[in-house]
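Below are the chains, spelled out letter by letter.
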Amino acid sequence: ERDRVQQRVASSADYLGEHMGDAPALVLGCNEGTDRTSALAGLGNILPAMWGFMLAARARGLGTAWTSMHRSREQDVADILGIPYDTVAQAVLTPLAYTKGTDFKPASLPYPDVVIHWDDW
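Predicted model only: the values in this text are computed from it and were never measured.

K.L.:
Can you walk me through the nonpolar core in this structure?
P.N.:
The nonpolar side chains of a soluble globular protein tend to be buried with one another. Membership of the largest hydrophobic core is limited to five residues, which are Ala39, Leu43, Ile46, Ala89 and Ala91. Secondary-structure elements contributing two or more residues to this core are helix H3 (43-59) and strand S3 (88-98). When sequence neighbours within four positions are dropped, the list of residues in contact with Ala89 reads Gly29, Cys30, Asn31, Arg36, Ala39, Leu40, Leu43 and Glu74.

In structure tokens, the structure reads:
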């Protein structure tokens, strides 16, 4: 079952990578600091803001997809977009577009006891 799920996730990620440029807009959530270290240390600040943005988009019939794979080429992205790499850390990139359908289903989530560990691993 786990392999089947992983194959679906990988297939979805491949599709997103192949079609990211088809979206009418790409939104890049970043955190600014006084230097690279402080920008990276503050990435936790941008994550809830971006999550809120994505929920607001969904409420308006817009689809998003959370990804951070671009971070492996973060310097290149910064150069292309004119982002000051030394003081701005990129956190998340999402396409933004109207969806083709509205038959969304809740994601399957594991029981909390499976992913939360108390006092030991």
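K.L.:
What should I look at first to understand the sheet that holds strand S2 (residues 62-63) in this one?
P.N.:
Strand pairing in a sheet relies on backbone hydrogen bonds, with the paired strands running either antiparallel or parallel. Across the sheet, three strands lie side by side as S1-S3-S2; this open sheet has antiparallel pairing. The sheet is open, and its two edges are formed by strand S1 (25-32) and S2, each paired on a single side. Lying on the sheet, helix H4 (residues 74-81) is in contact with S1 and S3; it crosses S3 at an angle near 70°.

K.L.:
Looking at this model, I keep getting lost on the packing of aromatic side chains. Mind explaining?
P.N.:
For any pair of aromatic rings, the description rests on two quantities: the centre-to-centre distance and the angle between the ring planes. Summed over the entire model, instances satisfying the criterion amount to one aromatic pair. If you follow Arg36 out to its NZ or CZ, it ends over the ring of Tyr85, 3.9 Å from the centre.

K.L.:
I keep staring at a nonpolar patch on the surface and nothing clicks. Help me out?
P.N.:
A surface patch of nonpolar side chains, about 630 Å² in accessible area, is lined by Tyr111, Val114, Val115, Ile116 and Trp118. Of note, Trp118 is situated in the segment after helix H5 (112-115). A relative accessible area of 66% places Trp118 in the exposed class.

K.L.:
Explain the pattern of salt bridges to me, please; I cannot follow it from the model alone.
P.N.:
Two side chains carrying opposite charge are able to pair once their charged atoms lie near each other. Here the structure, examined in full by the defined rule, presents four salt bridges. In this structure, Arg4 and Glu1 form a salt bridge, with 2.8 Å as the shortest nitrogen-oxygen distance. The class of Glu1 is exposed, set by a relative accessible area of 63%. Note that Arg73 is salt-bridged to Asp76, the shortest N-O span being 2.6 Å. Through salt bridges with shared partners, a single network forms among Arg36, Arg71 and Glu74.

Rules and cut-offs
- Residues numbered from 1 in each chain as written.
- Predicted model: local features only at pLDDT ≥ 70, side-chain atom pairs only at ≥ 80, totals over all residues.
- Heavy atoms only, no water.
- Core = buried A, V, L, I, M, F, W, Y, C linked by side-chain atoms within 4.5 Å.
- Buried < 20%, exposed > 50% of the residue type's maximum accessible area, 1.4 Å probe, protein only.
- Helix = DSSP H or I, 4+ residues; strand = E, 2+ residues; numbered from the N terminus.
- Contact = heavy atoms within 4.5 Å.
- Pairing = 2+ DSSP bridges.
- Axes fitted to C-alpha atoms, helices over the stretch in contact; angles between N-to-C directions.
- Phe/Tyr/Trp six-rings, centres within 6.5 Å; stacked < 30°, edge-to-face > 60°.
- Lys NZ or Arg CZ within 6 Å of the ring centre and 35° of its normal.
- Patch = residues over 30% accessible without salt bridge, like charges linked within 9 Å, V, L, I, M, F, W, Y side chains within 5 Å.
- Areas by Shrake-Rupley, 256 points an atom, 1.4 Å probe, with all protein chains shown as cover.
- Salt bridge = Lys/Arg side-chain N within 4 Å of Asp/Glu carboxyl O.

Just distances and angles here, no functional claims.
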